[in-house]
Amino acid sequence: MNILQMSYEVPGDDFTHAGEASSATKRALKKLGISPAVVRNVAIAMYEGEINMVIHAGGGHIDLSVTPDAVTMVLTDHGPGIPDVEKAMQNGWSTASAEVRSMGFGAGMGLPNMKKYTDEMHIDTEVGRGTTITMTVYLNKA
């Protein structure tokens, strides 16, 4: 049973709107009375995913669902895909352009932070076709 479902379009190459989905999600989770720690983890992971979509994939789509047990985020793009997931998961490794880095983004912490702040993360990627990342944060950790 879903308590809440939300969907967001993330525009590509638009840093002025990057973070709107994670901010709206944060507000919605707070209204539901979700614990501050869970809200924080979801907001950080989702923001990192949004920024990655803006920087690397020309935008994408996020579907969010909240059940009595968990918050699940599914981030889908039709970008270039991730050629080496293992390398992309290393702190500091980035393919961001010098221009993006000059704006303070692209430090190579996106995917590592997404993993750090979620309980489960699965990356499904195909070079030339895009990437889908599914992240889950449990509401009540045993």
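Everything here concerns the structure above.
Please read all numbers here as calculations on a predicted model, not as lab measurements.

A word on the overall build of the chain
Counting secondary structure elements, the chain contains five helices and five strands. Along the chain direction, N to C, the helices and strands of the chain fall in the order β-α-α-β-β-α-α-α-β-β. Here the C-alpha atoms of the chain give a radius of gyration of 14 Å, agreeing with the 14 Å that 2.2 N^0.38 yields for 142 residues. Along the first, second and third principal axes, the C-alpha atoms of the chain reach 40 × 30 × 25 Å. Relative to its full complement of 142 residues, the chain shows a buried share of 45%. Residue pairs at least 24 apart in sequence account for 63% of intrachain contacts in the chain once pairs closer than 6 positions are excluded. On the chain, roughly 7600 Å² of surface is accessible, and the fraction owed to carbon and sulfur atoms is 51%. Treating the 11 positive side-chain charges of the chain as one cloud and the 16 negative ones as another, the clouds have centres 9 Å apart.

Focus on the nonpolar core
Val42, Ile62, Val71, Met73, Leu111 and Met135 are the most contacted members of the largest nonpolar core, which totals 35 residues. With nine residues, the top contributor of residues to this core is helix H2 (residues 36-57). Setting aside residues no more than four positions away along its own chain, Val71 makes contact with Leu29, Val38, Val42, Leu64, Ser65, Val66, Met135, Thr136, Val137 and Leu139.

A few points about the packing of helix H1 (residues 20-31) against H2
The interhelical angle for the contact between H1 and H2, taken along N-to-C directions, is 165 degrees, at an axis separation of 8 Å. Taken together, H1 and H2 sit at an angle that is classed as roughly antiparallel. Seen from above, H1 lies across H2 with right-handed handedness. Across the interface between the two elements, Glu20, Ala21, Ser22, Thr25, Lys26, Leu29 and Lys30 from H1 touch Val39, Val42, Ala43, Met46, Tyr47 and Glu50 from H2. Of the residues assigned to the contact of H1 with H2, the class counts are seven nonpolar, two polar and four charged.

Points about the pairing of strand S2 (residues 59-66)
For S2, a buried count of six out of eight residues is recorded, marking the element as mostly surrounded by other parts of the structure. As paired strands, strand S1 (residues 4-11) and S2 are joined by eight bridges and run antiparallel to one another. Paired with Ser7 across the two strands is Asp63, which belongs to S2. Pairing between S2 and strand S3 (residues 70-77): six bridges, direction antiparallel. Its bridge partner being in S3, Ser65 is matched across the sheet by Thr72. The turn joining S2 and S3, which pair antiparallel and follow one another in sequence, is formed by three residues.

Remarks on a nonpolar patch on the surface
On the surface, a nonpolar cluster with roughly 330 Å² of combined accessible area is contributed by Met1, Ile3 and Leu32. For Ile3, the position within the fold is in the segment before S1. Owing to a relative accessible area of 42%, Ile3 belongs among the partly exposed residues under this scheme.

A few points about H2
Its 22 residues place the ends of H2 30 Å apart at the C-alpha level, agreeing with the 32 Å of an ideal helix rising 1.5 Å per residue. The buried count for H2 comes to 16 of 22 residues, which makes it a mostly enclosed element. Positive phi appears at Gly58, one or two residues downstream of H2, with a value of about 70 degrees.

A word on the sheet that holds strand S4 (residues 120-126)
For sheets, the rule is that strands pair by backbone hydrogen bonds, running either parallel or antiparallel. With antiparallel pairing, the five strands of this open sheet are ordered in space as S1-S2-S3-S5-S4. Since the sheet does not close on itself, it has two edges, and those belong to S1 and S4, each with one partner. Across this sheet, the average inter-strand angle for adjacent strands is 10 degrees, counted without regard to direction. Against the sheet, H1 engages S1, S2 and S3, with an angle of about 165 degrees to S1.

Rules used throughout
- Residues numbered from 1 in each chain as written.
- Predicted model: local features only at pLDDT ≥ 70, side-chain atom pairs only at ≥ 80, totals over all residues.
- Heavy atoms only, no water.
- Helix = DSSP H or I, 4+ residues; strand = E, 2+ residues; numbered from the N terminus.
- Rg over C-alpha atoms; globule rule 2.2 N^0.38 Å.
- Buried < 20%, exposed > 50% of the residue type's maximum accessible area, 1.4 Å probe, protein only.
- Contact = heavy atoms within 4.5 Å.
- Areas by Shrake-Rupley, 256 points an atom, 1.4 Å probe, with all protein chains shown as cover.
- Lys, Arg positive; Asp, Glu negative; His and termini not counted.
- Charge placed at Lys NZ, Arg CZ, Asp CG, Glu CD.
- Core = buried A, V, L, I, M, F, W, Y, C linked by side-chain atoms within 4.5 Å.
- Axes fitted to C-alpha atoms, helices over the stretch in contact; angles between N-to-C directions.
- Parallel < 35°, antiparallel > 145°, perpendicular 65-115°, else oblique.
- Left-handed = near helix turned anticlockwise from the far one by under 90°.
- Nonpolar A, V, L, I, M, F, W, Y, C, P; charged D, E, K, R; others polar.
- Pairing = 2+ DSSP bridges.
- Patch = residues over 30% accessible without salt bridge, like charges linked within 9 Å, V, L, I, M, F, W, Y side chains within 5 Å.
- Salt bridge = Lys/Arg side-chain N within 4 Å of Asp/Glu carboxyl O.
- Expected span 1.5 Å × (residues − 1).

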